[in-house]
Amino acid sequence: MGVFDLRVGDSATIVKINIDGGAYERLHCLGFQAGAKVTVLSFSLFKSCVLLGVGQTRVAIRRGVASLIEVSPIEVSP
Amino acid sequence: VKFLSCIAKRNQHCGKPITQKGEGAKAAKVVVLAGNPNAGKTTLFNALTHSNLKTGNWHGVTTVAKQKWVGDIVFVDVPGMYSFNGYSMEEGEAARAILKADVIINVVDCLTLKNSLNLTRQLIKKNGNVIVYLTKQKALRNNGGFVDAQALSANLGVPVLDCTAKQLKKMLESGSLPKVEINKSGDLSVGLSSRLSASGSAGGFVGGSAGGAPVMSVGGAAVMSSGGASVMSAGGAAVMSAGGAAGLSSELSKAYSGGEATLKKWERLFYNKYFALLFFVAAMAFTFFVTFYPTMLGAFLKDALENLIVRGFGGWLYGRLQNEIVRSFVCEGIIAGAGGVLAFIPQITILYLFLTLLDESGIMSALSFVTDGIFEKVNLSGRAAFSLISGFGCTAAAISTTRGYVNDDARKRTIAVLPYIPCGAKLPVFLTFLSPLFKNPFPAVCVLYFCGLALSVVLSKFLKGGEEEMITEITRVGAPQLSAVKNKLFFYVKGFIIKVTTYVTIFCMASWLLSHFNWQFKFVEVDKSMLCAISRLVCPIFYPMGIRDWRIAYALITGFAAKENVAATIALLIPEGLSLSLAQSLSLCAFLLTCPACISAFAASVKEVGFKLTAKINAVQLALSFMLAYAAYFLVGLL
């Protein structure tokens, strides 16, 4: 599933990033790698953009690119 | 190896153009400040070189490399970068500047240190003389994290400093950097064994830099060539092979922890779309209230200052000066004109203070994320929010913020719509046009500013071209750093004062001369002057705005040099004060809001998108502003 399918507050593990070129490079440098844990912090107006937390870094990503980041949700134990 | 050391030499040679200061071709160290965006490079640069380059608490403030000499060191500030395989235009510029460096100071934000090491490794590969400088340690501590500079240094094999900028400067000047205790098991080090055999980069650095000689010693050069070897062989793939930042080793976790990663309560508020937008509108309205409302601080101080300069100082001079011509030149020309504009300092200061607080607290960064949805509808991205909000300060400065964009069409579009955001210099002019009619200009000014913002967003919808992507780091929301706010505010106000006392004053002198002499250079009434004769020729284009007074027409034209000129010229030529009808006043405001920006914004735009496109944009804009102003006069006249 993609990051846009998550809700605010949800965490997930990155499975695969289906992008190459400059956009991949940028994501890689920001800590987006297979196995890394991401948390959805917020969505922007009209849900154009998602704010993801990766470690200490907060990254805003547009729907187009974000949908290419495959994740598997982490179940939160109650 | 010979070939590679040749490359190393050539690289040194490449640095020559930077290192030469005029004809005095003295050997110098080129020290480049490199690092991720928003790590604090420019702040450090300003501290090291006593400069006043623009800083800000968001990613991508610096867009062009800047250099400054201090003694025999050339400090170079470059835009932030994540890697050498640049994604945006500014990253490429940073990479080019780094190739010419003798010493690289890798500025690292403690909070995002883990990601930054990616670039640190690449930098060490390119050039052995890397010093890691840690910033935002207080923020890290507040976040519950820690960093052990020594342990980190042992791991990386380069000095890691957590000292003040002053101490760093001393070290650079004397060349006495702390010795690096290299940890051989350090899994973070890059090509360490080869660097050790080449006499050690740290030792080479300290030895070579003593006495201000070039930093690169023989040992250092060898370091560089061997470091270069791995880059050469791996090519672009070197970036990937450097190892993932996510794979946090046990070695690193002993040296560093980022602390709590969850959002604080107030941060969650500012990332909430409704709250953030509401907060922005309320904060703007509040600022305008304090600035423009007659009984509030801004307007009160303005009146006091105006009394002091124009009536107090001007009146005092008026009594002293005997010669009629000199008296008119000094009192009506310079003091009433330029001095009158100077009286707007309190209001401009308050307006800019608000912008600076938005920026330094990180709220502007949060806003750029939240408002992305609006900008997406007009084919821009949230990054445009930075540019547009910066436009409230100075259009020319805002134009250069577009360099961080990935899409070229989006850049051009933003530059085309930026002049609709009223810059700080337009403030005195709006008040000049509105105050004859409104006892309280506060509501009208609010409407004008929000109209400008709306106009720029809506207009970019009509400009064709590709869409802007958005992969941007968003900074933390927190209390602004007061020293940064103070420095920026002081610098901005100083700039305004300098501009008014030089540029605008000279303009006032010229206007006074032209308006008080006729073609035979005889001192005459304003209505018989050269300026009157010239201005009457162009005045007809302002007739449909209800403007038949050539003095207002001339004032509007002087605005293309600098907007402050409009207010200064009106004060100079119309000492009795403007008397306008509602239709005239609104028509003038519409014209001023939409007309092309000043000459420095034009120059900034030429630099970014070329003369041809800039001229085209400005021509269309001018035609549009006349049409709008005509329409405003006609429509309001119908009421």
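First, a word on what this report is: a plain description of the structure on this page. Note that the coordinates shown come from a computational prediction; the quantities given were computed from them, not determined experimentally.

1. Here's the deal with the overall build of chain A
1) Next: When helices and strands are tallied, chain A shows two helices and five strands.
2) Next: When the helices and strands of chain A are listed from N to C terminus, the series reads β-α-β-β-β-α-β.
3) Next: Taking 12 Å as the expected radius of gyration for a compact globule of 78 residues, we find that chain A reaches 11 Å, a close match to that expectation.
4) Next: A principal-axis box enclosing the C-alpha atoms of chain A has dimensions of 40 × 30 × 25 Å.
5) Next: A total of 78 residues make up chain A; the buried ones form 58% of that total.
6) Next: The long-range share in chain A, meaning contacts at least 24 apart out of those at least 6 apart in sequence, stands at 58%.
7) Next: When the accessible surface of chain A is summed, it comes to about 3,200 Å², and 55% of that surface belongs to carbon and sulfur atoms.
8) Next: Put simply, chain A has 8 plus and 6 minus side-chain charges, and the middle of one group is 8 Å from the middle of the other.

2. Structural notes on the overall build of chain B
1) Next: When its secondary structure is counted, chain B shows 32 helices and nine strands.
2) Next: Counting across all 639 residues of chain B, residues that qualify as buried make up 57%.
3) Next: The contacts of chain B with a sequence gap of at least 6 include a subset with a gap of at least 24, amounting to 74%.
4) Next: By element, 65% of the accessible surface of chain B is carried by carbon and sulfur atoms, the whole surface being about 26,700 Å².

3. Quick notes on helix H23 (residues 408–417) of chain B
In an α-helix, one turn spans 3.6 residues, which is why side chains three or four residues apart end up on the same side.
1) Next: In terms of burial, H23(B) is a largely internal element, seven of the ten residues being buried.
2) Next: Of the residues making up H23(B), those classed as buried are Ala410(B), Arg411(B), Arg413(B), Thr414(B), Ile415(B), Ala416(B) and Val417(B).

4. Structural notes on the sheet that holds strand S7 (residues 160–161) of chain B
All names here are of chain B.
1) Next: One open sheet holds the six strands; their spatial order is S2-S3-S1-S4-S5-S7, and the pairing between them is mixed. Strands at the two margins of the open sheet, each flanked by one partner only, are strand S2 (66–70) and S7.
2) Next: Bridge count for strand S5 (residues 130–135) against S7 is two bridges, and the pairing is parallel. Following the sheet pairing, Tyr133 is matched in S7 by Leu161.
3) Next: Here helix H5 (residues 113–126) sits on the sheet and contacts strand S1 (29–34), strand S4 (103–109) and S5; the angle it forms with S4, its principal contact strand, is near 170°.

5. A few points about the interface of chain B and chain A
1) Next: Contacts between the two partners involve 48 residues from chain B, matched on the other side by 31 residues from chain A.
2) Next: Across the chain B to chain A interface the summed buried area is about 3,400 Å²; carbon plus sulfur atoms make up 56%.
3) Next: Here chain B and chain A share four salt bridges between them.
4) Next: Taken together, chain B and chain A are joined by 19 residue pairs in polar contact (both at pLDDT 80 or more).
5) Next: Looking at the side of chain B that touches chain A, the elements with two or more residues in it are H5, helix H12 (238–241), helix H14 (265–271), helix H15 (273–292), helix H19 (363–370), helix H20 (372–377) and strand S9 (471–473) of chain B.
6) Next: For the side of chain B that touches chain A, the element with the most residues is H20(B), which contributes five residues.
7) Next: Its residues placed into classes, the side of chain B that touches chain A shows 19 nonpolar, 17 polar and twelve charged.
8) Next: For strand S4 (residues 57–62) of chain A and S9(B), the ladder comprises three bridges, and the chain directions are antiparallel. Paired with Val59(A) across the two strands is Glu473(B), which belongs to S9(B).

The rules we used
- Residues numbered from 1 in each chain as written.
- Chains lettered and ligands numbered in written order.
- Predicted model: local features only at pLDDT ≥ 70, side-chain atom pairs only at ≥ 80, totals over all residues.
- Heavy atoms only, no water.
- Helix = DSSP H or I, 4+ residues; strand = E, 2+ residues; numbered from the N terminus.
- Rg over C-alpha atoms; globule rule 2.2 N^0.38 Å.
- Buried < 20%, exposed > 50% of the residue type's maximum accessible area, 1.4 Å probe, protein only.
- Contact = heavy atoms within 4.5 Å.
- Areas by Shrake-Rupley, 256 points an atom, 1.4 Å probe, with all protein chains shown as cover.
- Lys, Arg positive; Asp, Glu negative; His and termini not counted.
- Charge placed at Lys NZ, Arg CZ, Asp CG, Glu CD.
- Pairing = 2+ DSSP bridges.
- Axes fitted to C-alpha atoms, helices over the stretch in contact; angles between N-to-C directions.
- Buried area = accessible area lost by both parts, 1.4 Å probe.
- Salt bridge = Lys/Arg side-chain N within 4 Å of Asp/Glu carboxyl O.
- Polar contact = N/O pair within 3.5 Å; in protein donor to acceptor, adjacent residues only side chain to side chain.
- Nonpolar A, V, L, I, M, F, W, Y, C, P; charged D, E, K, R; others polar.

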